[in-house]
Amino acid sequence: MDAEQEQQDAASDVAADVASDVASDVALDVAGVGGGGFSRRVVIGWAGAGVALGAAGVGSVAAATRRDDPVPGAPAAVGGDVPFYGEHQSGIATPVQDRLHFAAFDVSASATRESLARMLKEWTRAAAAMTGGREVGSGAASGLPEAPPDDTGEALGLPASRLTLTIGFGPTLFDKDGTDRFGLKAKRPEALIDLPRFKGDNLDPQRSGGDLCVQACADDPQVAVHAIRNLARIGMGTVNIRWSQLGFGKTSSTTPDAQTPRNMMGFKDGTRNIAGSDTARLARDVWVAPGEGPEWMTGGSYLVARRIRMHVETWDRTSLKEQEDVFGRTKGEGAAYGRTREHDDPDLAAMPADAHVRLAHPDSNGGRMILRRGFSFTDGTDGLGRLDAGLFFLAYQRDSRTGFVPLQQRLAASDALNEYIQHVGSAHFACPAGIRKPGEWWGQALFG
Amino acid sequence: MSARRSTAAMLLTLAVASAALAGCSQKKDDKASSDAVKVNATDTACEVSKTTFPAGHVVLDIANKGSKTTEVYVYAEGDKIVTERENIGPGTKASITAEIKAGSYEIACKPGMVGDGIRQKITVTGGEGSAAAADPRLTAAVGAYRTYAQEQADATIPAVEAFAAAVKGGDVEKAKSLFAPSRTGWERTEPVAESFGDVDPKTDTREDGLEPGQEWTGWHRLEKSLWADGKIGDEEKRLADQLVADLKDWQKKIPEAEITATGMANGAKELLDEVATGKVTGEEDRYSHTDLADFAANVEGAKKAYELLKPVAAEKDAELAKTLDAEFTALEGLLAKYKQADASYTSYDKVTEAERKTFSDAVNALAEPLSKLAAAVSPK
């Protein structure tokens, strides 16, 4: 069964590669050609898209869909697929999508190393299908009438929407209250620390931690939610969701030519992010190098997730001058104090000493950078009628001990922004390298 | 349990039974008589003149040649009654006319009107619906499950009568202690119980499940009087009697329930769904907080259906059977931790949010693979 499905996945990808050479305007159904799985979408044109994307150049091609005209040579257009297979996991350096569904899971008390590995294989197959715009298993509307369908079906008819699924392993997977549940303790990376308590933290245990995480990013919220829902379903009995977070409105960009989107405070923040195309910078600050910690993390990255609540009501009655002083940049253009354009190099000395930009800038942190993929969130209102809104901060780095931790210590100590925000959730995960080819599975290097 | 579940697991159709029963006292014409199946019933035998006959209007001419009053039944697969005639005295004759579709049946004579009877297999040929023969193990499973459902209903009556007696005696504390046990049989076989659309709304509706204009009767109405109001009045005493009457009505209907193997499998899953949506949240028994007793009964009923289907399911999907065995054990183990010395369960308002999450996870861990059981026993 495993091998067969893997062959089918492989066949689909080969078919897609072949198909890319076929003349344009030929209607193709990727999965149909491959003979396995089901396709949610009909690929209508391949002109100019015959460029295999992704660092390793393995896997599917960017699929142009009805919704979008193919853009010659451009990375996956809105609605297309992001290659699942590659040197690094997608969803880290991939251009940030519009929507997020992030889920942290705990492994069930009854699960074993074997059942966990079996689930991860199933997850990998499902992830490869969903990121390719295909249905899970035998699909959402086929199979026996008496049995529930394999796929939940709410993404039927939708394109892949640049869905990426990124997996991470939390500290408690390796060592939970001193117990080595799955024989993985010796493989815990030193860099996968228990994050220290930062000043001002008000962490809710029900929004923190987790043995595993999956970050689903897509341009369509329905596609991201569908992905987490189906993985959670497959995982039932082996893992259960500890907490999850929906996000909208990306607050940072990994495509630095673009304008940085605004956060819930109406400001551009984190304009100096690492570009997904800047391989040198990614190698320096994001990807774990060979020999750094356990072998299974080579090519991976460490993810810090923080739920940052914003006191938007008090912020909104703060004067424009104070708002700008807090950030150290203008609200309109987003330029640093003393500059005129968003991406102009800031003059840190021109800002108040406790301005957010001044404290967070790489120049104040020994040049060290982290790759941010944060999203805004609004989870309705709290019992006091206050908007439960803020930033779901996600940052990837080569080593959190030199990345997020010293930066956050500095910010927690003196950032003017602290008056208007509070960190209420926190988690840390080790995200391994990418799946290079069909047949490999999430966690194979760790469990193998 | 909701008042009106449209997804009645057992896909109830009562039409067959009522049509079949209609002809009990019909006077047979000559043509029918010549085609009639003769049944010679004695105290030790049940002889049938032919065991294969065509579908359609079938007449059974019964002669009781024994010394005891007897009754004769025609059973379809899974011991579903197609037609029956009771009280056939020694030395007397009776006839039954029934519309019978093609398929396999059993004729049973029950001397003394007790027990499973002396059985003869018969085959009704031709016409539509002569489907491929079902797996005899599944047929047996359906029959055994029907017996189980009947046993649970039979056992419920004295339990609910005791509860009603306490209510009528004005003994609030005693009535409280008998409330949860009176529900066990019902909760174990809830998908069958619910499938009788007219019984469930009278016995097991919660206040928020009432239709406009519907009178609130049944267990939860009395639960509210006992726990929230702490008193018993004339109205409650009347409702206690009505609950007994309604449940006796349910007890009588079990033989008519249409039960299939896939229906049993999905019924087991639905029992867990009941837990996942109503019990794990504490909604079901919001006044008495006896949710864990219902929860345990639901799991027991689901386990029974699974155990009966397991021989076939394990053959088709060994991994699934292994998973289900493990998850049933895990959930039973979790429930056992909350069982008190007197066999009652911890009051659900004493179960913390974190513990409820653990219950919820364990229920999902069982219900999700249980949803695959129907496919594993499907003939396709």
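(A) Representation of the overall build of chain B. Each helix and strand counted, chain B has 13 helices and nine strands in total. Taken over 380 residues, chain B has a buried fraction of 49%. Considering only residue pairs separated by 6 or more positions, chain B has 72% of its internal contacts joining residues 24 or more positions apart.

(B) Layout of the overall build of chain A. Within chain A, the secondary structure is distributed over 11 helices and nine strands. Within chain A, residue pairs in contact and separated by at least 24 positions form 74% of the contacts whose partners lie at least 6 positions apart. Summed over all atoms, the accessible surface of chain A reaches about 17600 Å², with 52% contributed by carbon and sulfur.

(C) Structural context of the nonpolar core. Counting residues in each nonpolar core, the largest one holds 73 residues, and the members touching the most others are Phe163(B), Trp250(B), Leu292(B), Phe295(B), Leu309(B), Leu331(B) and Phe359(B). Per element, the largest residue contribution to this core is 13 residues, and it comes from helix H3 (residues 136-168) of chain B. The contact partners of Leu292(B), leaving out residues within four places of it in the chain, are Leu335(B), Tyr338(B), Tyr345(B), Thr346(B), Tyr348(B), Val351(B) and Phe359(B). Ala103(A), Ala218(A), Leu231(A) and Val288(A) belong to the second largest nonpolar core, which has 47 residues in total.

(D) Quick look at the interface of chain A and chain B. Chain A puts 13 residues into the contact, and the matching count from chain B is 14 residues. Between chain A and chain B, roughly 1100 Å² of surface is buried when both sides are summed, and carbon and sulfur atoms account for 54% of that area. On the surface where chain A and chain B come into contact, there are two salt bridges. In this structure, Arg118(A) and Glu319(B) form a salt bridge, with 4.0 Å as the shortest nitrogen-oxygen distance.

(E) Molecular detail of the state of the cysteines. All names here are of chain B. Following the criterion strictly, the structure yields one disulfide over all chains and no others. Across the disulfide, Cys46 is cross-linked to Cys109 (sulfur-sulfur distance 1.9 Å). An S-S torsion of about 55° defines the bridge between Cys46 and Cys109 as right-handed. Residue Cys46 is located in strand S2 (residues 46-48), and its partner Cys109 is located in strand S8 (residues 103-109); the two are separated by 63 residues in the primary sequence. You can call Cys109 buried: its relative accessible area is 0%.

(F) Just the packing of aromatic side chains, in detail. Counted according to the given criterion, the structure contains 26 aromatic pairs over all chains. On the basis of an interplanar angle of 65° and a centroid distance of 6.1 Å, the ring pair of Phe169(A) and Trp296(A) is categorised as edge-to-face. Separated by 127 residues along the polypeptide, Phe169(A) in strand S2 (residues 164-169) and Trp296(A) in the loop between helix H6 (279-285) and strand S5 (301-310) bring together distant segments of the chain. Neither residue differs from the other here; Phe169(A) and Trp296(A) are each classed as buried. Each residue in the set Phe84(A), Tyr85(A), Phe105(A), Trp123(A) and Trp442(A) is aromatic and connected to the rest through ring pairs, giving one cluster. Geometry around Trp219(B) places Arg183(B) over its ring, the cationic atom sitting 5.0 Å from the centre.

(G) Here's a closer look at the sheet that holds strand S3 (residues 52-54) of chain B. Residues and elements named next belong to chain B. Taken together, the five strands give an open sheet; going across it, the order is S3-S9-S8-S5-S6, and neighbouring strands pair in mixed fashion. Every interior strand has two partners, whereas the edge strands, S3 and strand S6 (80-88), have only one. Going across the sheet, the axis of each strand differs from the next one's by a mean of 25°, ignoring polarity.

(H) Region of interest: the packing of H3(B) against helix H8 (residues 234-253) of chain B. Residues and elements named next belong to chain B. H8 packs onto H3 with a crossing angle of 170° between their chain directions and a minimal axis gap of 9 Å. When the interaxial angle is binned, H3 and H8 end up roughly antiparallel. Two secondary-structure elements touch here, H3 through Gln150, Ala153, Asp154, Thr156, Ile157, Val160, Glu161, Phe163, Ala164, Val167 and Lys168 and H8 through Glu236, Lys237, Ala240, Asp241, Leu243, Val244, Leu247, Lys248, Trp250 and Gln251. Per-class residue counts for the contact of H3 with H8 are 11 nonpolar, three polar and seven charged.

(I) Representation of the pairing of S2(A). Residues and elements named next belong to chain A. Of all the six residues making up S2, six are buried; the element is thus mostly covered by neighbouring parts of the structure. Of the two faces of S2, the one lined by Thr164, Thr166 and Gly168 and the one lined by Leu165, Ile167 and Phe169 are each fully buried. Sheet topology places S2 next to strand S3 (residues 212-218); six bridges connect them, and they run antiparallel. Looking across to S3, one finds that Phe169 is bridged to Leu212.

(J) Quick peek at the packing of H3(B) against helix H4 (residues 172-188) of chain B. All names here are of chain B. Taken N-terminus to C-terminus, the directions of H3 and H4 make an angle of 165°; their axes are 7 Å apart at the nearest point. Between H3 and H4, the interaxial angle falls into the category roughly antiparallel. At the point where H3 passes H4, the crossing takes the left-handed sense. Contact residues: Tyr145, Tyr148, Gln152, Thr156, Ala159, Val160, Ala162, Phe163, Ala166 and Val167 in H3; Lys174, Ala175, Leu178, Phe179, Pro181, Ser182, Gly185, Trp186 and Arg188 in H4. Split by residue class, the contact of H3 with H4 holds 13 nonpolar, four polar and two charged.

(K) Local environment of the environment of Trp250(B). All names here are of chain B. Mapped onto the elements of the fold, Trp250 is located in helix H8. A residue is classified by how much of its surface remains accessible, and Trp250, at 0% relative accessible area, is buried. Every residue in contact with Trp250, bar those within four places of it in the chain, is listed here: Ala153, Thr156, Gly185, Trp186, Thr189, Ala193, Phe196 and Val199.

(L) Main features of unusual backbone geometry. Even without being glycine, Arg162(A) reaches a positive phi, approximately 55°. Secondary-structure assignment places Arg162(A) in the loop between helix H3 (113-131) and S2. We classify Arg162(A) as buried; its relative accessible area is 8%. You will see that Asp79(B), though not glycine, has its phi angle at about 60°, which is positive. Relative to the elements of secondary structure, Asp79(B) occurs in the loop between strand S5 (70-76) and S6.

(M) Quick look at the environment of Glu84(B). Residue and element names in this part refer to chain B. On the secondary structure map, Glu84 appears in strand S6. For Glu84 and Val74, which are 10 residues apart along the polypeptide, the C-alpha to C-alpha distance reads 6.2 Å. Within the structure, the side chain of Glu84 is placed 3.4 Å from the side chain of Tyr73, a separation counted as a polar contact.

(N) Inspection of the sheet that holds strand S7 (residues 93-100) of chain B at higher detail. Residue and element names in this part refer to chain B. Pairing is mixed in the open sheet, where four strands are placed in the order S2-S1-S4-S7. Since the sheet does not close on itself, it has two edges, and those belong to S2 and S7, each with one partner. For this sheet the average axis-to-axis angle between neighbouring strands, irrespective of direction, equals 20°. Where strand S1 (residues 37-41) lies against S2, three bridges are found, and the strand directions are antiparallel. Residue Val39 lies in a different strand from S2, and its bridge partner there is Val48.

(O) Quick look at the environment of Pro369(B). Residue and element names in this part refer to chain B. Counting through the fold element by element, Pro369 comes out in helix H12 (residues 353-370). Pro369 gets classed as buried once you look at its relative accessible area, which sits at 9%. In this structure, the C-alpha to C-alpha distance between Pro369 and Arg356, residues 13 residues apart in sequence, is 20 Å. Ignoring any residue separated from it by four or fewer positions in sequence, one finds Pro369 in contact with Leu320, Thr323, Leu324 and Asn364.

(P) Representation of the pattern of salt bridges. Enumeration according to the criterion identifies 57 salt bridges over all chains in this entry. A salt bridge links Arg233(A) to Glu368(B), with the shortest nitrogen-to-oxygen separation between them at 2.6 Å. Taken together, the residues Arg233(A) in helix H5 (residues 221-235) and Glu368(B) in helix H12 connect one chain to another. Assigned by exposure class, Arg233(A) and Glu368(B) land together as buried. Ionic pairing is found between Arg183(B) and Glu284(B), a salt bridge with its closest N-O pair at 2.9 Å. With Arg183(B) in helix H4 and Glu284(B) in the loop between helix H9 (261-279) and helix H10 (291-316), the pair connects residues that are 101 residues apart, well separated along the chain. The exposure classification of Arg183(B) matches that of Glu284(B), with both residues buried. One network of salt bridges, in which partners are shared, links Arg183(B), Glu187(B), Glu190(B), Asp204(B), Arg206(B), Lys279(B), Glu283(B), Glu284(B), Asp285(B) and Asp294(B).

Calculation criteria
Residues numbered from 1 in each chain as written. Chains lettered and ligands numbered in written order. Predicted model: local features only at pLDDT ≥ 70, side-chain atom pairs only at ≥ 80, totals over all residues. Heavy atoms only, no water. Helix = DSSP H or I, 4+ residues; strand = E, 2+ residues; numbered from the N terminus. Buried < 20%, exposed > 50% of the residue type's maximum accessible area, 1.4 Å probe, protein only. Contact = heavy atoms within 4.5 Å. Areas by Shrake-Rupley, 256 points an atom, 1.4 Å probe, with all protein chains shown as cover. Core = buried A, V, L, I, M, F, W, Y, C linked by side-chain atoms within 4.5 Å. Buried area = accessible area lost by both parts, 1.4 Å probe. Salt bridge = Lys/Arg side-chain N within 4 Å of Asp/Glu carboxyl O. Disulfide = S-S within 2.5 Å. Phe/Tyr/Trp six-rings, centres within 6.5 Å; stacked < 30°, edge-to-face > 60°. Lys NZ or Arg CZ within 6 Å of the ring centre and 35° of its normal. Pairing = 2+ DSSP bridges. Axes fitted to C-alpha atoms, helices over the stretch in contact; angles between N-to-C directions. Parallel < 35°, antiparallel > 145°, perpendicular 65-115°, else oblique. Nonpolar A, V, L, I, M, F, W, Y, C, P; charged D, E, K, R; others polar. Left-handed = near helix turned anticlockwise from the far one by under 90°. Polar contact = N/O pair within 3.5 Å; in protein donor to acceptor, adjacent residues only side chain to side chain.

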